[in-house]
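Geometric and topological summary
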Amino acid sequence: MKLPNSVAALLAAATFAMPALAQQGVSESSVQFAQVAALDGPAAALGNGMRIGITAAFEEANRNGGIAGRMVTLESFDDGYEPDRSVAHVKSVIEGDAHLGLIGPVGTPTTRATQPVATSAGMPFVGPFTGAGFLRDPSLNNVVNVRATYAAETEAWIAHLVDELGMESIAILYQDDGFGRVGLAGVNAALEKRGMSLAAEGTYTRNTVAVKTALLNIRKAKPQAVVMVGAYKPIAEFVKLSKKLKFEPTFVNISFVGSNALATELGDDGEGVIISQVVPFPWDTSLPVVAEYHAALKANDPAAEPNFVTFEGYLVGRIALRALETAGADLTRDSFLAALGNLGAFDLGGLSFSYGPGDNQGLDTVFLTRITKDGGFESIALSEQHASK
């Protein structure tokens, strides 16, 4: 049936007025990123912390008019810290073609499963919350890392415990998967360099707090320190059970643990627990980028409190925004990838980043911190030799 001319004209006008669908997450007025990370379960504080920090950076830019007139948004998907769920979400994001890139994924087992999928599709993979070495492969031209490696963190541990404190007996608790084994390899390498080996090993299964068997095995060796590669809930369970059994070596944790979440879980049992960090102290507002982070965090959520994870998320967001600025108004996934590949060396509010040919990691420094009696944190001084990668 032929429509009256007036109706046909109205439909044509309405169709013309509708905005074009955003391909690759880009429209004239917006650009959208996807985050696939743990938003529930024992690692939830990590995925949510990264989301909060990234969003704070994006909203900071949006309040100033966005990037090239586009508002920058984030859509998050919960993978529960399980590789299969993570792969399913990443494939869905790629097939949906409604996001410019992936940002702020969390964990070694999940990124080991999803990075090849993203790389095959030419999908940007920005700021994964893991220090796994495979993500530093210079052939991965879609991957941009912010943080130092787990190898750098584990070397800093052993440098502190052995070289500075003179310890001779060190055990390890690690998550029994790719993440934990990366940490195990780093500790073994650092000890072997010093002619030493582990006094004992214990493992637990990802997304559980079943650590008692590992604790009993490690305790038999009577180590002076237990270094730990895991998420905050099982690590807290291990420390609390240890103290109930009057087993109180020095406990040392990797940055992935989630420092504030661990301190909260431990309560009074947290005093003295050491955690390595890959970003500066998030309360040191004498560093301009930390002051900017505080302002952005509060503007986005007045109730939000600074911590290491949200600060890392904020830095990841700022790196993505920097690449968007370089890509300019004619934004495509290819132009964004090109901008990520040419970040170079730059200063971000007093914090120096360095990218270059064969180097897709911006920060190299490792900081050691200790939980204080009130659940806060204090820095442990390291020599320059021990603090850098």
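The text that follows walks through the structure, step by step, so that each part is easy to find. Keep in mind that this is a model prediction, so the values were computed, not measured.

1. Focus: the overall build of the protein
For the protein, the helix and strand inventory stands at 13 helices and 14 strands. For 389 residues, the compact-globule estimate of 2.2 N^0.38 gives 21 Å, and the C-alpha radius of gyration of the protein, at 23 Å, lies within 12% of that figure. The dimensions of the protein, computed from C-alpha atoms along their principal axes, are 90 × 45 × 40 Å. In the protein, which comprises 389 residues, the share counted as buried stands at 54%. For the protein, the proportion of contacts with a sequence separation of at least 24, taken over those separated by at least 6, is 69%.

2. What to know about the nonpolar core
Grouped together as the largest cluster of nonpolar side chains are 113 residues, with contacts concentrated most on Phe33, Phe256, Leu315, Leu324, Phe336 and Phe353. It is helix α11 (residues 308–327) that provides the largest number of residues to this core, a total of twelve residues. Once residues lying within four places of it in the same chain are set aside, the contact partners of phenylalanine 33 are Phe58, Val72, Thr73, Leu74, Glu75, His99, Leu100, Gly101, Ile103, Ala320, Leu324 and Phe336. Membership of the second largest hydrophobic core comes to 14 residues, among which are Ala34, Leu135, Leu140 and Val143.

3. Here we look at the pairing of strand β1 (residues 30–37)
Burial within β1 is extensive, with six of its eight residues counted as buried. Sheet topology note: the β1/strand β2 (residues 71–78) ladder contains eight bridges and is parallel. Opposite alanine 34, over in β2, you have glutamate 75 as the bridge partner. One crossover worth recording links β1 to the parallel β2 by way of helix α2 (residues 44–63), and it is right-handed.

4. Some thoughts on the sheet that holds strand β14 (residues 377–380)
The strand order β7-β6-β8-β9-β10-β13-β14 describes an open sheet built from seven strands, whose pairing is mixed. Each edge of the sheet is formed by a strand with only one pairing partner; in this case those strands are β7 (200–204) and β14. Direction aside, neighbouring strands of the sheet carry axes that sit 25° apart on average. Sheet topology places strand β6 (residues 170–175) next to strand β8 (residues 225–229); five bridges connect them, and they run parallel. Residue tyrosine 174 lies in a different strand from β8, and its bridge partner there is valine 229. Along the sheet, helix α6 (residues 178–192) makes contact with β6, β7 and β8, crossing β6 at roughly 160°.

5. What to know about the packing of aromatic side chains
The relative placement of two aromatic rings is captured by the distance of their centres and the angle of their planes. Under the counting rule described, the total for this entry stands at 16 aromatic pairs. Arranged with centres 5.5 Å apart and planes meeting at 65°, the rings of phenylalanine 33 and phenylalanine 336 form a pair that is edge-to-face. Placement of the pair is phenylalanine 33 in strand β1 and phenylalanine 336 in helix α12 (residues 333–340), with a sequence separation of 303 residues. Neither residue differs from the other here; phenylalanine 33 and phenylalanine 336 are each classed as buried. Ring geometry for tyrosine 293 and tyrosine 314: centres 5.6 Å apart, planes at 50°, overall tilted. One end of the pair, tyrosine 293, is in helix α10 (residues 288–300); the other, tyrosine 314, is in helix α11, and 21 residues separate them in sequence. On the accessibility criterion, tyrosine 293 (0% relative accessible area) is buried.

Cut-offs and rules
- Residues numbered from 1 in each chain as written.
- Predicted model: local features only at pLDDT ≥ 70, side-chain atom pairs only at ≥ 80, totals over all residues.
- Heavy atoms only, no water.
- Helix = DSSP H or I, 4+ residues; strand = E, 2+ residues; numbered from the N terminus.
- Rg over C-alpha atoms; globule rule 2.2 N^0.38 Å.
- Buried < 20%, exposed > 50% of the residue type's maximum accessible area, 1.4 Å probe, protein only.
- Contact = heavy atoms within 4.5 Å.
- Core = buried A, V, L, I, M, F, W, Y, C linked by side-chain atoms within 4.5 Å.
- Pairing = 2+ DSSP bridges.
- Right-handed = clockwise from strand over helix to strand, strands pointing away.
- Axes fitted to C-alpha atoms, helices over the stretch in contact; angles between N-to-C directions.
- Phe/Tyr/Trp six-rings, centres within 6.5 Å; stacked < 30°, edge-to-face > 60°.

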